[in-house]
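If you want the building blocks of each chain, they are given just below.
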Amino acid sequence: QVQLVESGGGLVQPGGSLRLSCAASGFTFSSTAMSWYRQALEKARELVATVSSAGGPTIYADSVKGRFAISRDDPKSTVWLQMNSLKVEDTGVYYCNFKKYGVSYWGQGTQVTVSS
């Protein structure tokens, strides 16, 4: 059974940092590209970052380049999103995701609120 469990969200002031974690199970993590998405209130879900499998490339949304870093630990089946220099517009629910054979899998999400 596939499971993606996100954690690490919270309330932070502008300019602050948070580190999100996604613990994965139920599939071959090491051979799977993993992504973080986010969804702000009344907005569409958007891709934030993707990390490929086997040391492949990472990609970032233009809005987070230079501020966020995605990484993975295959033995621990975990993917992280380090978020620095947070802005109010980074507020939203952050979801861990992967796609396999045309099916998209999602975690339950973790809320990130950036506010003074």
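Everything below is about the structure shown above.
Residues numbered from 1 in each chain as written. Predicted model: local features only at pLDDT ≥ 70, side-chain atom pairs only at ≥ 80, totals over all residues. Heavy atoms only, no water.

(A) Seen up close, the overall build of the protein. Each helix and strand counted, the protein has zero helices and 11 strands in total. Computed over C-alpha atoms, the radius of gyration of the protein comes to 13 Å, within 12% of the 13 Å expected from 2.2 N^0.38 for 116 residues, which places it in the range of a compact globule. In terms of principal-axis extent, the alpha carbons of the protein reach across some 40 × 25 × 20 Å. When the 116 residues of the protein are sorted by exposure, 41% land in the buried category. Considering only contacts in the protein between residues 6 or more positions apart, those separated by 24 or more positions represent 53%. Carbon together with sulfur atoms contributes 51% to the accessible area of the protein, which is approximately 6,200 Å² in total. (Helix = DSSP H or I, 4+ residues; strand = E, 2+ residues; numbered from the N terminus. Rg over C-alpha atoms; globule rule 2.2 N^0.38 Å. Buried < 20%, exposed > 50% of the residue type's maximum accessible area, 1.4 Å probe, protein only. Contact = heavy atoms within 4.5 Å. Areas by Shrake-Rupley, 256 points an atom, 1.4 Å probe, with all protein chains shown as cover.)

(B) Examining the environment of L81 more closely. Looking at the element boundaries, L81 is found in strand β8 (residues 78–83). The class of L81 is buried, set by a relative accessible area of 0%. For the pair formed by L81 and G56, sequence separation is 25 residues and the distance between their alpha carbons is 17 Å.

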